[in-house]
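Now for the letters of each chain:
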Amino acid sequence: MCPICSCGSAALTQDQLSANAQLAAHNRTRFDSHGVLAINLMSSTDAGNAALLDATIVALGNACSIAVIEGNQKIDDVEPRIRGRGMASAQIRTVSACHLRASLVGSALQDLPLSRVDLLFIRNVATLAGSATHDLGQHRNVTLLNSTDSNHTTAEFQLILRTTDLVILSKADLLEVMPDIDSARAAVALRMLGRRTPLMQSVALRARSLAPWLQWIKMQLRCRRSKQPVRAPLIGGALRS
């Protein structure tokens, strides 16, 4: 069994993690050579990552060229509303695995015109505990939490909170009608882990709530375009190169 979740995968050995790290470094080199900023979008179940991604693609418009790699355990195609936007996309079906691996992402890159891409979203499998275990070659990790999950953040999502560069609480409109949900718990959990990770709230259908998220993306793109070094992500609490 996978040591992180119950997906049925074999236990990860140090050799497997080392091999994955090498493939991730190769993916990152490919991104860097083409000037692509790669963002690993991780989310809890039903957090609305497809809605957020679709709204983001629409909002950015012609500001940059976007591509999407989508990981899913069961579905054989990219989310229709995302595919319908006309950008380059590739799909990875993981079957029983609860996370993507660098080798799968590397294979999917064969179907993408990286020389014409500015921003690549890797939409990871929607199982938070598993998706934080593997470096994929991305530059940034973004975690999308359903606002209703924020009461469980400290106990259940410590690994992913240790490795993320940004946390977004989605469906923030629910906070107005569910007073028993304490969205501050996610911020407290981050501080308890010693992280100064930004935390935002969003409602994908409300453009105003997306403004901080879009500004964050634009800042990352500016760093990329100015060729400022973009560090490798934190994986399992340790910095990977």
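Refer to the structure presented above.
Residues numbered from 1 in each chain as written. Predicted model: local features only at pLDDT ≥ 70, side-chain atom pairs only at ≥ 80, totals over all residues. Heavy atoms only, no water.

## Points about the overall build of the chain
Of regular secondary structure, the chain possesses nine helices and nine strands. Looking at the chain residue by residue over its 241 residues, the buried ones come to 50%. Taking all contacts inside the chain whose residues are at least 6 apart in sequence as the whole, residues at least 24 apart take part in 74%. By element, 51% of the accessible surface of the chain is carried by carbon and sulfur atoms, the whole surface being about 11100 Å². (Helix = DSSP H or I, 4+ residues; strand = E, 2+ residues; numbered from the N terminus. Buried < 20%, exposed > 50% of the residue type's maximum accessible area, 1.4 Å probe, protein only. Contact = heavy atoms within 4.5 Å. Areas by Shrake-Rupley, 256 points an atom, 1.4 Å probe, with all protein chains shown as cover.)

## So, the packing of aromatic side chains
A full pass over the atoms with the stated rule returns two aromatic pairs. Seen in terms of ring centroids, F121 and W213 are 6.3 Å apart; in terms of plane orientation they differ by 40 degrees. Their pairing is tilted. Of this pair, F121 sits in strand β4 (residues 119–123) while W213 sits in helix α9 (residues 207–225), and the two are 92 residues apart along the sequence. An angle of 15 degrees between the planes, with centres 5.9 Å apart, marks the rings of W213 and W216 as stacked. One end of the pair is W213 and the other is W216, both in helix α9 and three residues apart, which spans about a single turn. Taken as a pair, W213 and W216 share a single burial class, namely buried. Linked through ring pairs, F121, W213 and W216 together constitute an aromatic cluster. (Phe/Tyr/Trp six-rings, centres within 6.5 Å; stacked < 30°, edge-to-face > 60°.)

## A short note on the side chain of N27
Mapped onto the elements, N27 comes out in helix α1 (residues 14–34). On the basis of relative accessible area, N27 is assigned to the buried category, the value being 2%. Separated by 3.0 Å, the side chain of N27 and the backbone oxygen of L136 make a polar contact. (Polar contact = N/O pair within 3.5 Å; in protein donor to acceptor, adjacent residues only side chain to side chain.)

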